[in-house]
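Listed below are the residues making up each chain.
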Amino acid sequence: MLRRSLQFALGRDVLGRGLGTHRGGSTLDWNGKMSEIKKKIQSVLPGGAWTQLHDTSYLPPEHSDVYSQASTVLSVGGIRQQFSVPENIQLSLFSIDFLRNINEYLAVVDDPPLDIQFNPSGYLLLASEKGAAVLESNVRVQRQEGAKVCLMSPEQLRNKFPWINPEGVALASYGMEHEGWFDPWSLLQGLRRKVQSMGVLFCQGEVTRFVSSSNHAETPSGEEVTLKRVHEVHVKIDHSLEYQPVECAIVINAAGAWSGQIAELAGVGKGPPGTLQGTKLPVEPRKRYVYLWNCPQGPGLETPFVIDASGAYFRREGLGNNYLGGCSPTEEEEPDPENLEVDHEFFQDKVWPPLAQRVPAFESLKVRSAWAGYYDYNTFDQNGVVGPHPLVVNMYFATGFSGHGLQQAPAVGRAVAEMVLHGNFQTINLSPFLFNRFHLGEKVHEHNII
Amino acid sequence: MAPVWNQGTRGIHGLSKAVAPEDSQRKGRSLLQFLADHFYDVQALREYLLRKQVLKVHQKNRPFTHIKERFGPHAAGAYFILKQGGAVKFQGKEWIRPNTRGRFSLDFLKFPEVPVEAVDASGSAINYHGLDNLLALKELQSLWLRHCPHVDDWCLSRLHSLANSLQELSLAGCPRISERGLACLHHLQNLRRLDISDLPAVSNPGLTQILVEEMLPNCEVLGADWTQGLRLGPEEQSRDTASPIPA
């Protein structure tokens, strides 16, 4: 009773929002309705690069750790506002705000505060002659949305960062604030801890089946459509043939690289091609490599996250002159996403030459380790899919972010929560990212995909 | 290493374990923790008190927009600092400090065009939002932020707007600043004196000082003695400079 009166009295919390607007929204109302939905909702953490906490992939039974292949923990951990689509910029700004105040959002009594180890060093995007005009217009859009980005000429680049070789660079954009990189694992653990303290139950297993019911309805033009509703999810327990049927009111597909497979299980895309029923979720896993090398004469403490015009990128890691970097392969060179084996030849042929040309100090370096992770790659337009499916009525998507899921995850979580609870987007309007665009063919093309 | 945040109310707030090592959380469950685990009301009360404390810091850092509109950014910034208990020096004038009862003279409001030259906000509750008031002081030359419990890496990333004028900066004793925030200081090209001593959150003070000195070649960096990392034997030394590689 005291608790309810306190929560009523508190009303607006520190940053002027209502009580129930913490992430996930499960403390919204303390009446019975909410707690029932809580029991029934599959507990998920929305966010493009995050696996659903029910292990949804077709992993062999040996992988008992749910997060071993999750894109989040294998991510390089960068966050930037330098996108071309305004919604992406807004998502990223919201997320950086969340990360800055993470100890107010995710505070759990008696637990130590989170340290996500944020490096506010900013991003530096380099563009050649060809890309300079696009870069400039992008920076204009970013400034309009409130990002703190400045343009630099090759001369200014050489003055500010003497270790860069500005040959071939026509223009550079440098993010001064709100950009950098952080530790994704601590963010994940912080969210789990907070969500567990609010009463959410976690289960581990593999989703093998959706049981749904259908309903027929007529559109205004007289066409008949079949609306489906998912009632049960069969979760197969690890190392056994048993499965647990989980009754659910809402399913949120945040399965990262495996979202396409999960969507197929739920019946998305089963129909004649060209129709809404036949539109599949175009998210597939794409393998990306990250290499860690040591270069004693390399760039100093002020190094931002540098993205070269060729697509190769690198950033500092720690105090010991270690650097993380990689490059996205072209469409023809896409590696087989069957496993997470690393191809070291790729570093020698595609990553090292452009970086060594850009930063002469990198001509002598020593690769210490490497790993691979998946992008939940949206083959349609490389931007996220957020929101409900028009036909499978209670399935919501939060996936397809193609490499920038981690930095948009808190904002997307907020968006999905608003969609589930209110039926529309309130903080950031993500209607360009709805599922419908695949059927209507409206691409939201993002230029700055790494 | 005493937790700086909750000096008044140690027992109630969970965040008092901020800088305590892992095992001290395990042993010695106090009565309050026990009660909080078993009674929802006590837990709600603790959460409420925790939130109230955070709210208090935000209240201290609120912007003084009406002063800014009427008297200009310099006066607003000065008023903000004096309200926090800090000291302000205007160009050509003496230091203004609040007295022991927290009151200060409002004479500076008569000269709104005179820029602020130096600010001493040591020990105040200034945080990321409160820094708005300081960043408007475009001719600030010296800034002292010693022992500020809420100044962290995010705040340092905002200081780039003072790059044209700032010559002296002191961050000694701030518990939340780490080497990641210090990396942002490279924007401050006019900096001549930087004090980064006694920063508990910096993982390797000696190495950090060397890297900061390399980053700011025209600046005199006061900090940990670089031999601090070398007081161990030669094997320890080589392990010190190669930082652990994350998985």
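As annotated in an unreviewed UniProt entry, chain B is Distal membrane-arm assembly complex protein 2 from Mustela putorius furo. What UniProt states about chain B under its Function (unreviewed entry) heading is, verbatim, "Required for the assembly of the mitochondrial NADH:ubiquinone oxidoreductase complex (complex I). Involved in the assembly of the distal region of complex I." UniProt, in its Subunit (unreviewed entry) section for chain B, records the words "Interacts with incompletely assembled mitochondrial NADH:ubiquinone oxidoreductase complex (complex I)."

As recorded in an unreviewed UniProt entry, chain A goes by FAD-dependent oxidoreductase domain-containing protein 1 and comes from Mustela putorius furo. Quoted verbatim from the Function (unreviewed entry) heading of the UniProt record, the comment on chain A is "Required for the assembly of the mitochondrial membrane respiratory chain NADH dehydrogenase (Complex I). Involved in mid-late stages of complex I assembly." If you open the UniProt record of chain A and go to Cofactor (unreviewed entry), you find "FAD".

Attention shifts here to the overall build of chain A. Across its full length, chain A carries 11 helices and 16 strands. Within the span of chain A, comprising 450 residues, buried residues form 57% of the whole. Within chain A, counting contacts between residues at least 6 apart in sequence, those at least 24 apart form 71% of the total. Summed over its atoms, the accessible surface of chain A is roughly 18300 Å², and 51% of this surface lies on carbon and sulfur atoms.

Attention shifts here to the nonpolar core. By size, the foremost hydrophobic cluster in this structure holds 73 residues, and its most contacted members are B:Phe108, B:Leu143, B:Leu169, B:Leu182, B:Leu185 and B:Leu194. The element contributing the most residues to this core is helix α5 (residues 73-84) of chain B, with seven residues. With residues up to four places along the chain from it excluded, the contact list for B:Leu194 reads B:Leu169, B:Leu185, B:Val212, B:Leu216, B:Cys219, B:Glu220, B:Val221 and B:Leu222. The next biggest cluster of nonpolar side chains, apart from the first, holds 28 residues, and it includes A:Phe161, A:Ile164, A:Tyr289 and A:Cys327.

Now for the packing of helix α3 (residues 86-100) of chain A against helix α10 (residues 405-422) of chain A. Residue and element names in this part refer to chain A. Remark: α3 packs on α10, axes separated minimally by 7 Å, with the N-to-C direction vectors making an angle of 95°. When the axes of α3 and α10 are compared, the pair comes out roughly perpendicular. On the side of α3, the interface is formed by Asn88, Leu91, Ser92, Phe94, Ser95 and Phe98, while α10 contributes Gln407, Gln408, Ala409, Pro410, Ala411, Val412 and Arg414.

Time to look at helix α5 (residues 132-145) of chain A. Residues lying three or four places apart along an α-helix face the same way, a consequence of the helix completing one turn every 3.6 residues. Residues and elements named next belong to chain A. Counted at 1.5 Å a residue, the expected span for α5 with its 14 residues is 20 Å, and the 20 Å between its end C-alpha atoms agrees. Those residues of α5 that fall on the buried side of the exposure criterion are Ala132, Leu135, Asn138, Val139 and Gln142. When α5 is viewed along its axis, its buried side chains cluster within an angular range of 120° and face the same direction. The exposed residues of α5 that point more than 90 degrees off its buried face are Ala133, Arg140 and Gln144.

Put simply, chain A has an average pLDDT of 82, and 85% of its residues get 70 or more. Note on residues 9-64 of chain A: pLDDT under 50 across the span, and 146 contacts to partners over four residues away in sequence or across chains.

What follows deals with the pattern of salt bridges. What the rule picks out here adds up to 21 salt bridges over all chains. Of the charged contacts in the structure, one is a salt bridge between A:Arg315 and A:Glu317, with a shortest N-O distance of 2.7 Å. B:Asp195 is the salt-bridge partner of B:Arg146, the closest N and O atoms lying 3.4 Å from each other. Of this pair, B:Arg146 sits in the loop between β4 (142-144) and α7 (153-158) while B:Asp195 sits in strand β6 (residues 193-195), and the two are 49 residues apart along the sequence. Overall, B:Arg146 belongs to the partly exposed group, its relative accessible area being 31%. By relative accessible area, which is 10% here, B:Asp195 ends up buried. A network of salt bridges, in which partner residues are shared, links A:Glu284, A:Arg286, A:Arg288, A:Glu331 and A:Glu334.

Time to look at the sheet that holds strand β3 (residues 149-152) of chain A. Residue and element names in this part refer to chain A. Spatial ordering of the open sheet is given by β3-β4-β2-β11-β12-β13-β10-β14, a layout of eight strands whose pairing is mixed. The open sheet has two free edges, formed respectively by β3 and β14 (366-378), since each of these has just one partner strand. Across the sheet, the mean angle from the axis of one strand to that of its neighbour is 20°, orientation sign disregarded. Bridging between β3 and strand β4 (residues 171-175) involves four bridges; their strand directions are antiparallel. Note on β4: the bridge partner recorded for Cys150 is Tyr174.

Definitions and cut-offs
- Residues numbered from 1 in each chain as written.
- Chains lettered and ligands numbered in written order.
- Predicted model: local features only at pLDDT ≥ 70, side-chain atom pairs only at ≥ 80, totals over all residues.
- Heavy atoms only, no water.
- UniProt positions renumbered as here; feature names shortened; annotations may be inferred.
- Helix = DSSP H or I, 4+ residues; strand = E, 2+ residues; numbered from the N terminus.
- Buried < 20%, exposed > 50% of the residue type's maximum accessible area, 1.4 Å probe, protein only.
- Contact = heavy atoms within 4.5 Å.
- Areas by Shrake-Rupley, 256 points an atom, 1.4 Å probe, with all protein chains shown as cover.
- Core = buried A, V, L, I, M, F, W, Y, C linked by side-chain atoms within 4.5 Å.
- Axes fitted to C-alpha atoms, helices over the stretch in contact; angles between N-to-C directions.
- Parallel < 35°, antiparallel > 145°, perpendicular 65-115°, else oblique.
- Expected span 1.5 Å × (residues − 1).
- Arc of directions from axis to C-beta.
- pLDDT = per-residue confidence, 0-100.
- Salt bridge = Lys/Arg side-chain N within 4 Å of Asp/Glu carboxyl O.
- Pairing = 2+ DSSP bridges.

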